[in-house]
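Structure at a glance
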Amino acid sequence: MALQHHERRTGPQAEVRQPQLPCRIEGPRTIAYSALYFGLVCGIYGLGLWLPTIVKALGKFDSTQVGFIVFIPYAIAAVFVYFWSKRSDRTGNRVWHASMSMVLAAVGLLGAGYLLPVNAVLAMVFLTLAAMGIYSAIAPFLAMPSAALTGAAAAAGLAMVNSLGNLGGFVAPYIVGILKDATGNSQSGLVFLAACLAVTAAATYLYARKRPEGVSAPGVTVPAAETH
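Now for a look at the structure at hand. Remember, predicted model here, so these are calculated numbers, not experimental data. (Residues numbered from 1 in each chain as written. Predicted model: local features only at pLDDT ≥ 70, side-chain atom pairs only at ≥ 80, totals over all residues. Heavy atoms only, no water.)

1. Structural notes on the packing of helix 2 (residues 28–58) against helix 3 (residues 63–91)
Here is the rule: Every angle, taken between N-to-C directions, lies between 0 and 180 degrees, and every axis is a line fitted to C-alpha atoms, over only the stretch in contact when it is a helix. Runs of E in the DSSP output that reach at least two residues are strands. Runs of H or I that reach at least four are helices, and both are numbered from the N terminus. Just so you know how the angles are binned, under 35 degrees is roughly parallel, over 145 roughly antiparallel, 65 to 115 roughly perpendicular, and the rest oblique. Handedness of each helix crossing follows the sense of rotation of the near helix against the far helix: counterclockwise by less than a right angle gives left-handed, clockwise gives right-handed. Throughout, a residue-residue contact means that at least one pair of heavy atoms, one from each residue, lies within 4.5 Å. Lys, Arg, Asp and Glu make up the charged group, whereas Ala, Val, Leu, Ile, Met, Phe, Trp, Tyr, Cys and Pro make up the nonpolar group; the residues left over, Gly among them, are polar.
Where helix 2 contacts helix 3, the axes come no closer than 11 Å and their chain directions differ by 135°. Relative to helix 3, the element helix 2 lies oblique. The way helix 2 lies across helix 3 gives a crossing that is right-handed. Taking contact as the criterion, the partners of Leu47, Leu51, Val55 and Leu58 in helix 2 are, on helix 3, Val66, Ile69, Val70, Pro73 and Tyr74. Taken together, the residues of the contact of helix 2 with helix 3 sort by class into nine nonpolar, no polar and no charged.

2. Focus on the pattern of salt bridges
Where we set the bar: Here, a salt bridge means any side-chain nitrogen of Lys or Arg that lies within 4 Å of a carboxyl oxygen of Asp or Glu.
Applying the stated criterion across every chain yields a total of one salt bridge. Here Glu213 and Arg29 are joined by a salt bridge, their closest N and O atoms 3.9 Å apart. Residue Glu213 is located in the segment after helix 8 (187–208), and its partner Arg29 is located in helix 2; the two are separated by 184 residues in the primary sequence.

3. Points about the side chain of Thr128
As for its placement among the helices and strands, Thr128 is situated in helix 5 (residues 120–148). Residues within four places of Thr128 in sequence aside, it is in contact with Pro73 and Ile76.

4. Here we look at the packing of aromatic side chains
Selection rule: Stacked, tilted and edge-to-face are the three classes applied to pairs of Phe, Tyr and Trp rings, where Trp contributes its six-membered ring and a pair requires centres within 6.5 Å; stacked means planes under 30 degrees apart, edge-to-face means over 60, and tilted covers the rest. The rule is simple: take the accessible area with a 1.4 Å probe, protein chains only, and divide by the maximum for that residue type; under 20% is buried, over 50% is exposed, in between is partly exposed.
A complete count under the given rule lists eight aromatic pairs for this structure. Aromatic pair Tyr33 and Tyr207: ring centres 5.5 Å apart, planes at 85°, arrangement edge-to-face. Of this pair, Tyr33 sits in helix 2 while Tyr207 is found in helix 8, placing the two residues 174 residues apart along the sequence. Judged by its relative accessible area of 0%, Tyr33 is buried. On the basis of relative accessibility, which here comes to 23%, the residue Tyr207 falls in the partly exposed class. With a centroid separation of 5.8 Å and 35° between ring planes, the pair formed by Trp84 and Trp96 is classed as tilted. With Trp84 in helix 3 and Trp96 in helix 4 (residues 94–115), this pair connects stretches of sequence that are 12 residues apart.

5. A few points about the environment of Val107
Relative to the assigned elements, Val107 resides in helix 4. Judged by its relative accessible area of 45%, Val107 falls in the partly exposed class. Separated by 22 residues in the primary sequence, Val107 and Leu129 place their C-alpha atoms 8.0 Å from one another.

6. Here we look at the environment of Gly168
Turning to its location among the elements, Gly168 is positioned in helix 7 (residues 168–183). Taking C-alpha positions, Gly168 is 5.0 Å from Phe38, a pair spaced 130 residues apart along the chain. With residues near it in sequence (within four places) discarded, Gly168 still touches Phe38, Val41, Cys42 and Pro173.

Function-wise, these values are silent; they only describe arrangement.
Now the structure itself:
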């Protein structure tokens, strides 16, 4: 009897339970934030593209002087990021802070590129604005998918956002090179990078402005209603 009972439990008709993930990492929020982060990373490439060109236009400097000059935009941006991120956390309006930072970065890149032939110092000022905008956008932006993607697949979802978004670091230089070869100048590539930031700023605001992860009271946990 015991043998027959064991065969009934383990026979070919026995039900086999398959492990299932509680939620999927390819959900709509994950895909949306991956695409938005892709646009932001494309814009980040513009800072590294124009900084050496502007420093070279400022004059002839030795290696130590170049190091100090290159340090200026990053130092100012670091101070701004600290206060901007604290303000974003205090107000809970992450989507506004991220979008405005991207707009500032777009204006800074355009100003740096078009003012370089006129005045290298002004171009450096605008590039500093671009650095402030680019790096201050990262923290409030990534705070939104971090708050939205909860549950068992949260870590995988955030990894997907970072992985797909960082592809912008490959795509942006490739497209800038194509545009430069086609037009014979760097301004066309600069317009493309600034446009990436401007479009991403608008898309981020429109997508997250009414979502709890975009605008929420400080300390409020975003419900995990749409993690699948």
